[in-house]
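Summary of the model geometry
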Amino acid sequence: MAADSMEIDDSLYSRQRYVLGDNAMQQMAQSNVFLSGLGGLGVEMAKNIVLAGVKALTVHDTKKCETWDLGTNFFIREEDVLSHRNRVETVYPRIAELNPYVQVNMSSAALDETTDLSFLKNYQCVILTEVRIHLQKKINDFCHSQQPPIKFISCDVYGICARIFCDFGNVFEVSDPNGEEPKEIFVQSITQDNPGIVTCMDNRTHGFQTGQCVVFREVNGMSELNGTTRQITVLSPYTFSIGDTSSLQPYAHGGIVLLVKTPKTYYFEKMEKQLLEPTCLTPDFSKPDAPLQMHAALLALDLYQEQNQRLPGIGSLQDSEVLIKLTNEINKTLVNKADVNEELVKWLSRSARGSLPPLAAAVGGIASQEALKALTGKFAPLQQWFYLDAMEVLKSLDSCSTEEFFPKGDRYDALRACIGETMCQKLHKMRTFMVGCGAIGCEMLKNFALLGVGLASNSGEITITDPDLIEKSNLNRQFLFRPHHIQKPKSSTAAAATLEINPQLKIDAHLHKVCPATESMYSDEFYTRLDVVVTALDNVEARRYVDSRSVSNQRALLDSGTMGTKGHTEIIVPNLTESYNSHRDPPEEEVPFCTLKSFPAVIEHTIQWARDKFESAFTHKPSIYNKFWQTYSSAEEVLQRMKAQESMEGSFQVIKLLSRRPTQWAHCITLARLKFEKYFKRKAIQLLHSFPLDTKLKDGSLFWQSPKRPPSPIEFDLKDSLHCSFIVSAAKLYAAVYNIPYTEKDLSLEAISQIITDVKIPEYKPAEKKIEIDENAKKPEQTKLVVSSEEEREAIAQLEEAISANAVTKAHLQMKLVMFEKDNDSNGHIDFITAASNLRARMYNIEAANRLKTKRIAGKIIPAIATATAAVSGLVALELVKIAAGSSFDSYRNCFFNLAIPIIVFTEPAEVKRTQIREHISFSIWDRWTIYGKEDFTLSDFINAVREKYGIEPTMVVHGVKMLYVPVMPGHNKRLKLTMQKLIKPSSEKRYVDLTVSFAPELDGDEDLPGPPVRYYFCQEHI
């Protein structure tokens, strides 16, 4: 993003633009940030801030690279340690190459009590890490006193505890506190009363809160409301009151309500005051006192350093007793406080010299988002302290000896100080399968590298897979990739970059999808070799599949995802928790076919319609055309078959395409002009003919009332830029499909105008035809539409004409498929969809959408930002450590956060449920029964074996979708004598199958009871 021109490079920043908006992006591009401290936390923040796209970042550090840094700072290499290089000199060029639009500067000057702080006036935001509290206070005082104030953030990670502090000045204006796009709500009714009550259409929830303001438009009857803003009181999820409406005209119909975004002012106190009266965010309500307990403990730790000029010794009982005493003393001086947690202080003392990389990643992501808020005034800021601990990681370490935590002089010393040598070894031996190498995947691999997950020397391994290639838009979040990696595979590129961080890892990179088609590769045997599965996916269906495979093979699964500033983590542990498939979100509502085709109400409908038109004209029809001519080798053969009245699927559609096939650029313009007439004029004329404006329904109400909008035919005008854009973009796509060349001159307004002037527009008379208004009706299949005898004769004539004109050569019988690609701005795909959608919106009097919004909706783009990705992957990696430790159920945490608000909530996972079949027999999703058969094992033998082994007899046996045995089905009792081999017909290499069984209910009349899957082995030898 060039700061001088303020142009936003959409090919790089598109996903982030949808999170922050252009105003915030442009403010960042004019902002300078100062960041001190390049340990694990500092480098995380530097990465996130540079990826986001500020104008300039100055990184400051005074330390030299040490072996210790290899396990905390992903931009320091072994040769940097051996060369005794300064951390800032080492790291700064590697940070700089993350984003060519950001100027990265470095400083290694002393920053202490004697430093003249006036240099900080050059920055809009100052971030401190690895700085003692007394200096933090001094710098905070300086920043707070400036006009305007310099936004101040300090963060620290000491072992298993982390904190963030924010001060954005006395008064801080936020333009958009939550970043949510206001949705349009259709009105069902408004009462003429005091207060007037608004009811949403079709009992749709409004999502408003009392005290918010809304604006009305398109209200009929009570038209005085249009354009006015009213403060609301929420009465129910579907209703709200808007004050006195008793003096207004009675409500008739229609109306749209839109939430008005109102700026909000936030007030900050200096650190000096906040140290005594801290305002804290509480992330884990199972331990509400934890933030204040950590506040006191970390202040005591700072005092300990002041008194001893060092941090407490690893495992020193004497030092931890001193720290507990100091914490109690400091706690007495605080205004806001909780009882001292001596267990927390003990672990803080033991681990303070160390660093837990996932904690730095999580806190770095959260703190970086606060920096972006400071620069842009977008989203609600953190007020004012945030504390996070990893105490649950330590629950299994109480019995470890002190020596476990001592340094060994290798890259894992900082980690070892927190979790001990035995736990480090467990991580090194881990065999992990990660599905997806996008934004979360890259961050996870970095966390694996710092934790030493899957070391070759310990027989550990990380298997990763992703079929995708790297695109430019990935570089904004997927920090392992650089511009020279574009169009290279994500998985192998990410693997190579991860090995640069930690060469000791063993990574096996694949390019496959994980789906039923690849089960021979990702087989049960493959899963049973694993310790954990990690998903880094962007769609629910793939998650559900990987979850089912993990549950089937009793493997732990760590799932996570982000959307904009929101993130979630879900921890799935065998025999302890429910799985991803245990809960299902309600399916997304599909827009009815008739709404898209004839009655759009909102811009999303017109965008979907335009996307459908694109697919139909430039992908679907060419596909049908090519398949048809691959099936039938010549036009003459097709003509013969048609004359013989043979049925050939798609023939009429294909011949119509052949007869209208353009052969030069002017024909493409003509085709586009005729499409304009059809889509934006004739469609409106036909609809108004079928349903005149005064049409009434059976109940006497108007047909054309909200949400239905009557269309207005559009007269073509080349001087209208939207009309011109449609013609040019459509013509270019036709040229691509039919392989027709054109020049820049052909695209000039003058050249297009000349062609369009000669286009003959046939006179149009609306037909007496049925227009679908049933919202439950499905779209009819084009190829199966009934064809009249007249149309048959016309098709034969068209084909004869094409043959006689020699327009049936190999080139004529081929079209090029254009596959929709949202991220290539030069291909014109989004140009076509934007023009078509906005013309249709104009026709129906719907507010148009700009190109950016159209691209997001048409491309189904998930908004994304590096801060949320870093935070979510750090939280997942913390849970990975617990998996390695074999932690108990109460140690695990799921998380949901929205960094915009900000809200961060940790909860225990859902505990696994058991289904009772009989008093003494129950099962959970993790259970699997096993039966070993032999060659002549019959279905009856199988049923008896289940009864003998598990104490209950199956009443139904199913294999996949095939019912093997249902007693009430005709002929099924005869199957009892058939062998399992004959019934299932396994392939030669298949050793077993998973069968679904159910059992008779205990009470007559109840439904059959489900059972766990039963794995049936065909031979005894596998016992």
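Residues numbered from 1 in each chain as written. Predicted model: local features only at pLDDT ≥ 70, side-chain atom pairs only at ≥ 80, totals over all residues. Heavy atoms only, no water.

What follows is about the packing of helix α18 (residues 603-631) against helix α25 (residues 829-843). Between α18 and α25, whose axes approach to 8 Å, the crossing angle comes to 130°. In terms of their interaxial angle, α18 and α25 are classed as oblique. Note that α18 runs across α25; the crossing there is right-handed. Residues I603, T606, I607, W609, A610, R611, F614 and F618 of α18 form the contact with α25, whose own contacting residues are H829, F832, I833, A836, S837, N838, R840 and A841. Split into classes, the residues belonging to the contact of α18 with α25 amount to 10 nonpolar, four polar and two charged. (Axes fitted to C-alpha atoms, helices over the stretch in contact; angles between N-to-C directions. Helix = DSSP H or I, 4+ residues; strand = E, 2+ residues; numbered from the N terminus. Parallel < 35°, antiparallel > 145°, perpendicular 65-115°, else oblique. Left-handed = near helix turned anticlockwise from the far one by under 90°. Contact = heavy atoms within 4.5 Å. Nonpolar A, V, L, I, M, F, W, Y, C, P; charged D, E, K, R; others polar.)

Right, let's talk about unusual backbone geometry for a bit. Omega for the bond connecting Q147 with P148 falls within 30 degrees of zero, at -5°, which places this linkage in the cis form. Looking at where P148 falls in the secondary structure, it is placed in the loop between α6 (133-145) and β5 (151-158). Of the consecutive residues I901 and P902, the connecting peptide bond is found in the cis state with omega at -10°. Note that P902 resides in the loop between β24 (894-898) and β25 (903-907). Here E130, not a glycine, exhibits a phi torsion of approximately 55°, which is positive. Note that E130 resides in the loop between β4 (125-129) and α6. In this structure, Q487 takes a positive phi of about 75° despite not being glycine. For Q487, the location among the structural elements is in the loop between β19 (461-465) and α14 (490-501).

As a further point, take helix α19 (residues 635-643). Of the residues making up α19, those classed as buried are A635, E637, V638, L639 and M642. Residues of α19 that are buried in the fold lie against α18, α20 (651-659) and α24 (789-804). After α19 finishes, the residue Q645 shows a positive phi value of roughly 60°. (Buried < 20%, exposed > 50% of the residue type's maximum accessible area, 1.4 Å probe, protein only.)

On to the pattern of salt bridges. Enumeration over the complete set of coordinates arrives at 65 salt bridges. One salt bridge in this structure joins D823 and K855, with 3.7 Å as the shortest N-O distance. With a gap of 32 residues between them, D823 in the loop between α24 and α25 and K855 in helix α26 (residues 851-858) connect regions that are remote in the sequence. By the burial criterion, D823 is buried, and K855 matches it. Put simply, D831 and R851 hold a salt bridge, and the shortest N to O gap is 3.0 Å. Of this pair, D831 sits in helix α25 while R851 is found in helix α26, placing the two residues 20 residues apart along the sequence. Residue classification places D831 among the partly exposed residues on the basis of a relative accessible area of 26%. Judged by its relative accessible area of 28%, R851 falls in the partly exposed class. (Salt bridge = Lys/Arg side-chain N within 4 Å of Asp/Glu carboxyl O.)

Once that is clear, we can look at the nonpolar core. Residues I95, I127, I139, I160, I419 and L427 are the most contacted members of the largest nonpolar core, which totals 176 residues. Of all the elements, helix α27 (residues 866-885) adds the most residues to this core, at 13 residues. Excluding anything up to four places from it in sequence, I95 contacts L38, A46, V50, L57, V59, F75 and V104. (Core = buried A, V, L, I, M, F, W, Y, C linked by side-chain atoms within 4.5 Å.)

Attention shifts here to the side chain of S349. Within the fold, S349 resides in helix α10 (residues 342-351). The class of S349 is buried, set by a relative accessible area of 1%. Beyond its immediate sequence surroundings of up to four residues, S349 is in contact with P312, G313, S316, D319, S320 and L323.

Time to look at the packing of aromatic side chains. Taken as a whole, this structure holds 48 aromatic pairs when the rule is applied. Measuring from ring centre to ring centre gives 5.7 Å for F599 and F703, while their planes differ by 70°; the resulting arrangement is edge-to-face. Taken as a pair, F599 in the loop between α17 (593-597) and α18 and F703 in the loop between α21 (665-690) and α22 (721-738) lie far apart in primary sequence, 104 residues in all. Residue classification places F599 among the buried positions, given a relative accessible area of 5%. When its relative accessible area of 5% is taken as the criterion, F703 is described as buried. (Phe/Tyr/Trp six-rings, centres within 6.5 Å; stacked < 30°, edge-to-face > 60°.)

Our next topic: a nonpolar patch on the surface. Taken together, the side chains of F896, I901 and I903 make up a nonpolar region of the molecular surface, amounting to roughly 250 Å² of accessible area. In this fold, I903 is placed in strand β25. (Patch = residues over 30% accessible without salt bridge, like charges linked within 9 Å, V, L, I, M, F, W, Y side chains within 5 Å. Areas by Shrake-Rupley, 256 points an atom, 1.4 Å probe, with all protein chains shown as cover.)

This part takes up the environment of D156. Its place among the elements puts D156 in strand β5. On the basis of relative accessibility, which here comes to 3%, the residue D156 falls in the buried class. As for D156 and G37, which are separated by 119 residues in sequence, their C-alpha atoms are 9.9 Å apart. In this view, D156 contacts L41, T129, E130, V131, Q136, C161, A162 and R163; residues no more than four positions away in its chain are not counted. At a separation of 3.3 Å, a polar atom in the side chain of D156 contacts the side chain of Q136. (Polar contact = N/O pair within 3.5 Å; in protein donor to acceptor, adjacent residues only side chain to side chain.)

Let's shift gears to the side chain of T834. Position of T834 among the secondary structure elements: in helix α25. In contact with T834, not counting residues within four places along its chain, are A849, R851 and T854.

A separate point is the sheet that holds strand β12 (residues 233-236). The strand order β11-β10-β14-β8-β9-β13-β12 describes an open sheet built from seven strands, whose pairing is antiparallel. The open sheet has two edge strands with one neighbour each: β11 (229-231) and β12. Pairwise comparison of adjacent strand axes, ignoring direction, gives a mean angle of 40° for this sheet. Pairing analysis gives three bridges linking strand β8 (residues 184-190) to strand β14 (residues 253-260), with the strands arranged antiparallel. Bridging from a neighbouring strand, E184 pairs with L258 of β14. (Pairing = 2+ DSSP bridges.)

Running from N to C, α18 and α22 point in directions that differ by 5°, and their axes come no closer than 11 Å. Classified by the angle their axes make, α18 and α22 are roughly parallel. Listed contacts from α22 to F614, F618 and P622 of α18 are A730, L733, Y734 and V737. Split into classes, the residues belonging to the contact of α18 with α22 amount to seven nonpolar, no polar and no charged.

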